[in-house]
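Residues per chain are reported as follows:
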Amino acid sequence: MLIPNSIATENLKHPLWENQGLQLSIKRLDQIHPKASGNKFFKLKYNLKHAQIEGKSTVLTFGGAYSNHIYSTAAAAKYAGFKSIGIIRGEETLPLNPTLASAKAQGMVLHYVDRTTYRQKTEVAFIETLKKQFGDFYLIPEGGTNALAIKGTTEILTTEDKAYTHICSAIGTGGTLLGLANSLENHQELLGFSSLKGSFIHQEIADGLQKFGIIPQGKVNILDNYHFGGYGKHTQDLLDFIRWFYKEFQIPLDPVYTGKMVYGTLNLIKKQYFPKGAKILLLHTGGLQGIAGFNQRFGFALPL
Ligand SMILES: *Cc1c(COP(=O)(O)O)cnc(C)c1O
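Everything numeric here is computed off the predicted structure, so don't read it as measured data.

### Section: the UniProt feature "modified residue: N6-(pyridoxal phosphate)lysine" (unreviewed entry) in the protein
Piece 1. Look at the UniProt record and you will see "modified residue: N6-(pyridoxal phosphate)lysine" (unreviewed entry) annotated at Lys40.
Piece 2. With respect to the element layout, Lys40 can be found in helix α2 (residues 39-53).
Piece 3. Excluding anything up to four places from it in sequence, Lys40 contacts Asn68, His69 and Ser72.

Here is the structure:
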């Protein structure tokens, strides 16, 4: 079974926001499960339930070599009693990086495909080939975003969170943001910080809202200028910020998603974006598993 821990929200104290009459809190979704952590827990929850209902014994999904989604799916599948297969983009490199080593240790079968093949991940013919090779499975798309994932991420904000005026979250595929938009109250503003480079994300979110029939009650604001060079990219400024935040609050942030989102929020505070009296909630969506691999790859020592 995939059993969640209770989620704490911590109040952060610092003159940067207190002097402006703002309250800043962080909801620790990263602590919901030791391995299936953060927003991925919510995205997987109903997918695994559905796989059970459909009588499937195996789940299959896609991801890159450092993917939080691969890591979490491997763990969640194991806890829920499924076999799992991960279709990994690129060639196998040994020794396995910490993400893939963990996925494998959780029992995930890793199958590597080249980038051209990987791009066919949503094509029926490719899925059929995978079925011939691996037998029947329940398919979870790359990044885990589908209608059942959004049903799960709609549960991230709870009754207590109605007290907040602003909700801040990182965006990858947008499945988390769509669920948050689905549960937004009319007095709330949702700020989504894209971790990918490009203004395409505005259309992507608009399409997602339409596709899943979501009409947000509050305001949704997508920010596309805190990507730090693009997905998986970083700058010295971002790394320094993550270290500073850890020193101040003893809360680790990952360089792919949460580091960019918290940086962006604090930058907006500095620019006096938020009205006096605003109660801002940061969503710590997890991703801490990726720090070990990041440190190893770039020779850094980010706190984890
Ligand atoms: C996957 C992930 C996201 C992005 O979630 P989407 O639903 O794909 O937008 C944000 N934060 C962390 C830590 C993640 O692992």
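### Re helix α4 (residues 98-105)
Side chains that are three or four residues apart share a direction in an α-helix, a result of its 3.6 residues per turn.
Piece 1. Along α4, the positions that sit buried rather than exposed are Thr99, Leu100, Ser102 and Ala103. Summarising the axial view, the buried residues of α4 lie within an arc of 160°, below the 170-degree limit, and thus occupy one face. Exposed side chains of α4 directed beyond 90 degrees from the buried face belong to Lys104 and Ala105.
Piece 2. Tucked into the core, α4 has its buried residues touching α3 (68-79), β4 (83-89), β5 (109-113) and α12 (289-298).
Piece 3. Where α4 starts, the residue carrying a side-chain oxygen 2.8 Å from the main-chain nitrogen of Thr99 turns out to be Asn97.

### Quick notes on the sheet that holds β4
Piece 1. One open sheet holds the four strands; their spatial order is β5-β4-β3-β6, and the pairing between them is parallel. Both edges of this open sheet fall to β5 and β6 (138-140), since each of them pairs with a single strand only. Taken pair by pair, the neighbouring strands of this sheet meet at an average axis angle of 20°, ignoring direction.
Piece 2. The sheet contacts of α2 involve β3 (58-63) and β6, and relative to β6 the element is tilted by about 165°.

### Observations regarding the UniProt feature "domain: Tryptophan synthase beta chain-like PALP" (unreviewed entry) in the protein
Piece 1. Per the UniProt record, "domain: Tryptophan synthase beta chain-like PALP" (unreviewed entry) is found at residues 23-286.
Piece 2. With 39% helix and 19% strand, the stretch residues 23-286 has end C-alpha atoms that lie 22 Å from each other.

### Some thoughts on the sheet that holds strand β1 (residues 9-12)
Piece 1. What the six strands build is an open sheet, ordered β1-β2-β10-β7-β8-β9; its pairing is mixed. Of all the strands in the sheet, just β1 and β9 (219-223) have a single pairing partner and so form its edges. The average angle at which neighbouring strand axes cross in this sheet is 25°, direction not considered.
Piece 2. As judged from the three bridges shared by strand β7 (residues 166-171) and strand β10 (residues 279-284), these two strands associate in the parallel manner. Counted as the bridge partner of His166 is Ile280 from β10.
Piece 3. Against the sheet, helix α8 (residues 175-182) engages β7, β8 (189-194), β9 and β10, with an angle of about 175° to β8.

### Let's talk about the site of the ligand
Piece 1. Taken together, 15 residues are adjacent to the ligand, and Lys40, Lys43, Thr173, Thr176 and Thr285 come closest.
Piece 2. Note that an oxygen atom of the ligand is positioned 3.3 Å from one of the backbone N or O atoms of Gly175.
Piece 3. Take Thr176: an N or O atom from its side chain is 2.7 Å from an oxygen atom of the ligand.
Piece 4. In isolation the ligand offers 380 Å² of accessible surface; the protein chains occlude 98% of this area.

Conventions we followed
- Residues numbered from 1 in each chain as written.
- Predicted model: local features only at pLDDT ≥ 70, side-chain atom pairs only at ≥ 80, totals over all residues.
- Heavy atoms only, no water.
- UniProt positions renumbered as here; feature names shortened; annotations may be inferred.
- Helix = DSSP H or I, 4+ residues; strand = E, 2+ residues; numbered from the N terminus.
- Contact = heavy atoms within 4.5 Å.
- Buried < 20%, exposed > 50% of the residue type's maximum accessible area, 1.4 Å probe, protein only.
- Arc of directions from axis to C-beta.
- Polar contact = N/O pair within 3.5 Å; in protein donor to acceptor, adjacent residues only side chain to side chain.
- Pairing = 2+ DSSP bridges.
- Axes fitted to C-alpha atoms, helices over the stretch in contact; angles between N-to-C directions.
- Near = heavy atom within 4 Å.
- Areas by Shrake-Rupley, 256 points an atom, 1.4 Å probe, with all protein chains shown as cover.

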